[in-house]
Amino acid sequence: MADKDLITRLDNRLDQLVNIDMGERGVEHLYEAARELQGGALVGAAADALMAVPEGGTVILTTGSVSRAWITPDLGENDGPSGAAAVARALVLARNATCVMLCEETLLPAIRSTCQAAGLFPVTLEQAAIARADKSLATIVMLPYATEDEAGRAQAVQMLDALTPDLLFSTERVGRNEHGVYHSMKGIDYGMGRARVDFLFDEALARGIPVVAVGDGGNEIGMGKVADHVKAYVPYGDTCQCGCGGGIGAVTSCDVLVTAACSNWGCTAIAAAMAARADNAKLLHTPEREALLLDTMVANGLINSTHGIVDDSVDGFPRQSHLAVAELCRTIVSRAL
Ligand SMILES: [Zn+2]
C-alpha cells in the first residue's frame with residue numbers, strides 16, 4: 001500500500017477534479033461545506049469507509065431516478081446507475097462483498113443490465129451466498145423497493161433485520177424534504193412512482209450502520225448533512241415550485257457525503273481512491289468500461305434527463321466528458337498503483 005501522505009494528496013486531487021462545477025448547480029458550495037464538516041477529502045473518506053467493509057460483508061446500494069413518471073414509471077435517468085455499478089464492482093473485487101442493489105421495480109431491468117455490464121452477474125441472495133463462499137463469481141443482487149411511504153417505512157425495518165448490512169451506499173437517489181415531498185432540481189414534486197429508500201437510510205443511521213452518499217444537486221439522500229447550504233446556494237433550495245412550503249433539499253443525512261458536479265463522477269473518483277488504497281488497478285472505473293456502461297444505458301432506455309432524450313450524455317454532459325473524468329481519475333491514482 002502506498003504511503004498515507006501520497007493517498008491524501010491523491011484523494012484531494014480526485015475531490016477537486018469531480019467538484020469543478022461544470023453544470024452551474026452550486027455544487028462547489030456544497031463541496032466546501034462537506035469538506036469542512038468532514039475535515040478532509042470526501043472521496044477519501046468514502047473509500048476508507050468502503051474498504052473497511054469486512055471481507056465477505058454485505059452492502060446495500062441504491063440508485064435510480066424515475067424521470068417523468070407522469071408519462072411512464074418505466075423511464076429512469078442515466079446519472080446514477082453506472083456510478084453505482086462501478087462502486088459495487090469495486091466492493092465485490094476488493095472485499096468479496098455481497099452487494100444488494102435497490103431501486104424501483106420499474107427500473108430493475110435497466111439497472112440490472114448496467115450492473116451486468118460492469119461485470120456483476122445478477123443472482124438471488126441464496127446464489128450470492130454460494131458465490132461469496134467459493135469466490136467463483138462476481139455477483140449483484142437486485143431487489144425492488146416500495147414506492148409508497150408506509151410500505152417504504154415497513155420495508156426499512158424488515159430489510160435491515162434480514163440483511164444486517166455492514167454499510168449502505170446511495171448515489172443520485174432523491175430523498176424527501178421536510179414536508180415529505182420528493183423534488184426534481186427544478187423544484188417540482190416528482191414523488192410519483194419513486195422508491196422510498198430514504199426511509200431505509202434513516203433507519204440505518206438510527207441503528208449506527210455506516211452510510212456513504214453521493215449527490216450533485218442537493219435533493220439526494222445524504223444532503224441533509226449540508227441542509228443549510230442547499231437552502232442558501234442551490235436553485236429552489238429554499239423554496240420549491242410545488243407549493244409544499246419547503247425547498248428541494250433532502251432531509252436524510254449520512255456519515256460520509258461525496259459531492260460531485262455529476263454523481264457518476266463522484267463514484268468514478270471513489271473507485272479510483274479504493275484502487276489506490278488496495279494497490280489494485282482492477283478496482284478502477286476505466287474509460288473503456290464507462291463507454292460500455294454508457295452504451296448499455298442507452299440500449300436499456302435510461303435517459304439523459306437534462307435534454308429529455310435517450311442518449312449517452314449524462315446530466316447534459318457529453319459522452320467524452322465522462323470518459324475523460326474516468327481517464328483523469330486513473331491518471332491521478334496511477335502514482336499509487
Ligand atoms: Zn415542494
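Structure first, text after, so check above.
Quantities reported herein were computed from a predicted structural model and do not represent experimental measurements.

Cut-offs and rules
- Residues numbered from 1 in each chain as written.
- Predicted model: local features only at pLDDT ≥ 70, side-chain atom pairs only at ≥ 80, totals over all residues.
- Heavy atoms only, no water.
- Donors = N, O, S within 2.8 Å, 3.2 Å for Na, K, Ca; no water.
- Tetrahedral: all angles 85-135°; square planar, octahedral: opposite > 155°, others 65-115°.
- Buried < 20%, exposed > 50% of the residue type's maximum accessible area, 1.4 Å probe, protein only.
- Pairing = 2+ DSSP bridges.
- Helix = DSSP H or I, 4+ residues; strand = E, 2+ residues; numbered from the N terminus.
- Axes fitted to C-alpha atoms, helices over the stretch in contact; angles between N-to-C directions.
- Contact = heavy atoms within 4.5 Å.
- Patch = residues over 30% accessible without salt bridge, like charges linked within 9 Å, V, L, I, M, F, W, Y side chains within 5 Å.
- Areas by Shrake-Rupley, 256 points an atom, 1.4 Å probe, with all protein chains shown as cover.
- Salt bridge = Lys/Arg side-chain N within 4 Å of Asp/Glu carboxyl O.
- Phe/Tyr/Trp six-rings, centres within 6.5 Å; stacked < 30°, edge-to-face > 60°.
- Lys NZ or Arg CZ within 6 Å of the ring centre and 35° of its normal.
- Parallel < 35°, antiparallel > 145°, perpendicular 65-115°, else oblique.
- Left-handed = near helix turned anticlockwise from the far one by under 90°.
- Nonpolar A, V, L, I, M, F, W, Y, C, P; charged D, E, K, R; others polar.
- Lys, Arg positive; Asp, Glu negative; His and termini not counted.
- Charge placed at Lys NZ, Arg CZ, Asp CG, Glu CD.

**With respect to the coordination of the zinc ion**
Now for step 1: The coordination sphere of the zinc ion, as far as protein atoms go, consists of His-183 (NE2), Cys-240 (SG), Cys-242 (SG) and Cys-244 (SG), spread over 2.0 to 2.3 Å.
Now for step 2: One can describe the donor arrangement at the zinc ion as tetrahedral, given that its four donor atoms subtend angles of 106 to 112° at the metal.
Now for step 3: On the primary sequence, the residues serving as donors to the zinc ion are separated as H-x56-C-x1-C-x1-C.
Now for step 4: For Cys-240, a relative accessible area of 11% translates into the label buried.
Now for step 5: Exposure remark for Cys-242: the relative accessible area of 30% places this residue in the partly exposed category.

**Focus on the sheet that holds strand β3 (residues 121-123)**
Now for step 1: Taken together, seven strands build an open sheet; the order of strands is β3-β4-β2-β1-β5-β6-β7 and the sheet is parallel. Only two strands of the sheet have a single partner each, and these edge strands are β3 and β7 (256-259). Recorded for the sheet is a direction-independent mean angle of 25° between the axes of neighbouring strands.
Now for step 2: As paired strands, strand β2 (residues 98-103) and strand β4 (residues 139-144) are joined by four bridges and run parallel to one another. Considered in β4, the bridge of Val-100 is made with Val-141.
Now for step 3: The strands touched by helix α6 (residues 125-134) are β2, β3 and β4; relative to β4, the strand with the most contacts, the crossing angle is about 160°.
Now for step 4: Across the sheet, helix α8 (residues 197-207) touches β1 (58-62), β2, β5 (167-171) and β6 (211-215), and the angle it forms with β5 is around 145°.

**Quick look at a nonpolar patch on the surface**
Now for step 1: On the surface, a nonpolar cluster with roughly 400 Å² of combined accessible area is contributed by Trp-70, Ile-71 and Met-192.
Now for step 2: Inspection of the secondary structure assignment puts Trp-70 in the loop between β1 and α4 (81-95).
Now for step 3: Judged by relative accessible area, which is 58%, Trp-70 ranks as exposed.

**Some details on the packing of aromatic side chains**
Now for step 1: Summed over the entire model, instances satisfying the criterion amount to one aromatic pair.
Now for step 2: When the ring centre of Tyr-190 is taken as origin, the NZ or CZ atom of Arg-194, which lies over that ring, is 3.7 Å away.

**Some points on the packing of α4 against helix α11 (residues 287-299)**
Describing two packed helices takes the angle between their axes plus the distance from one axis to the other.
Now for step 1: The N-to-C vectors of α4 and α11 enclose an angle of 135°; their axes lie 10 Å apart at closest approach. Taken together, the axes of α4 and α11 are oblique relative to one another. The way α4 lies across α11 gives a crossing that is right-handed. In this structure, α4 contributes Pro-81, Ser-82, Ala-85 and Arg-89 to the contact, and α11 contributes Arg-289, Glu-290, Leu-293 and Met-297.
Now for step 2: Each residue belonging to the contact of α4 with α11 can be placed in one class, and the counts come to four nonpolar, one polar and three charged.

**Looking at the side chain of Asp-315**
Now for step 1: Relative to the elements of secondary structure, Asp-315 occurs in the loop between α11 and α12 (319-333).
Now for step 2: Here Asp-315 is in contact with Arg-25, Glu-77, Asn-78, Asp-79, Asp-216, Ala-261, Cys-262, Asn-304, Ser-305 and Thr-306, once residues within four sequence places are set aside.

**With respect to the packing of helix α3 (residues 42-51) against helix α10 (residues 263-278)**
Now for step 1: One can describe the packing of α3 onto α10 by two numbers: an axis separation of 8 Å at closest approach and a directional angle of 60°. Accordingly, the angle class assigned to the pair α3 and α10 is oblique. The two elements α3 and α10 cross, and the hand of that crossing is right-handed. Facing Val-43, Gly-44, Ala-46, Ala-47, Asp-48, Leu-50 and Met-51 of α3, the residues of α10 in contact are Gly-266, Ala-269, Ile-270, Ala-273, Met-274, Arg-277 and Ala-278.
Now for step 2: When grouped by side-chain class, the residues that make up the contact of α3 with α10 number 10 nonpolar, two polar and two charged.

**Description of unusual backbone geometry**
Now for step 1: Positioned with a positive phi, Glu-24 is a non-glycine residue whose angle comes to about 55°.
Now for step 2: Topologically, Glu-24 is positioned in the loop between α1 (4-18) and α2 (27-38).

**Some points on the side chain of Glu-77**
Now for step 1: As for its position among the elements, Glu-77 is in the loop between β1 and α4.
Now for step 2: An unpaired buried charge is present at Glu-77: no salt bridge exists, and Arg-25, the closest side chain of opposite charge, is 6.4 Å distant.
Now for step 3: Beyond its immediate stretch of four places on either side in the chain, Glu-77 contacts Ser-65, Ser-67, Glu-172, Leu-302, Ile-303, Ser-305 and Asp-315.

**Overview of a negative patch on the surface**
Now for step 1: A cluster of acidic residues, Glu-24, Glu-28, Glu-32 and Glu-36, forms a negative patch on the protein surface.
Now for step 2: Here Glu-32 lies in helix α2.

**Section: helix α5 (residues 108-117)**
Now for step 1: Turning to α5, its buried residues are Leu-108, Ala-110, Ile-111, Thr-114, Cys-115 and Ala-117.
Now for step 2: Among the structural elements, α4, β2, β4 and α11 are those in contact with the buried residues of α5.
Now for step 3: One or two residues past the end of α5 sits Gly-119, with phi positive at roughly 110°.

**A word on the pattern of salt bridges**
Now for step 1: Applying the stated criterion across every chain yields a total of 19 salt bridges.
Now for step 2: Salt-bridge contacts for Arg-173 lead to Glu-104; the nearest nitrogen and oxygen are separated by 2.8 Å. One end of the pair, Arg-173, is in the loop between β5 and α8; the other, Glu-104, is in the loop between β2 and α5, and 69 residues separate them in sequence. Of the two residues examined, Arg-173 and Glu-104, each falls in the buried class.

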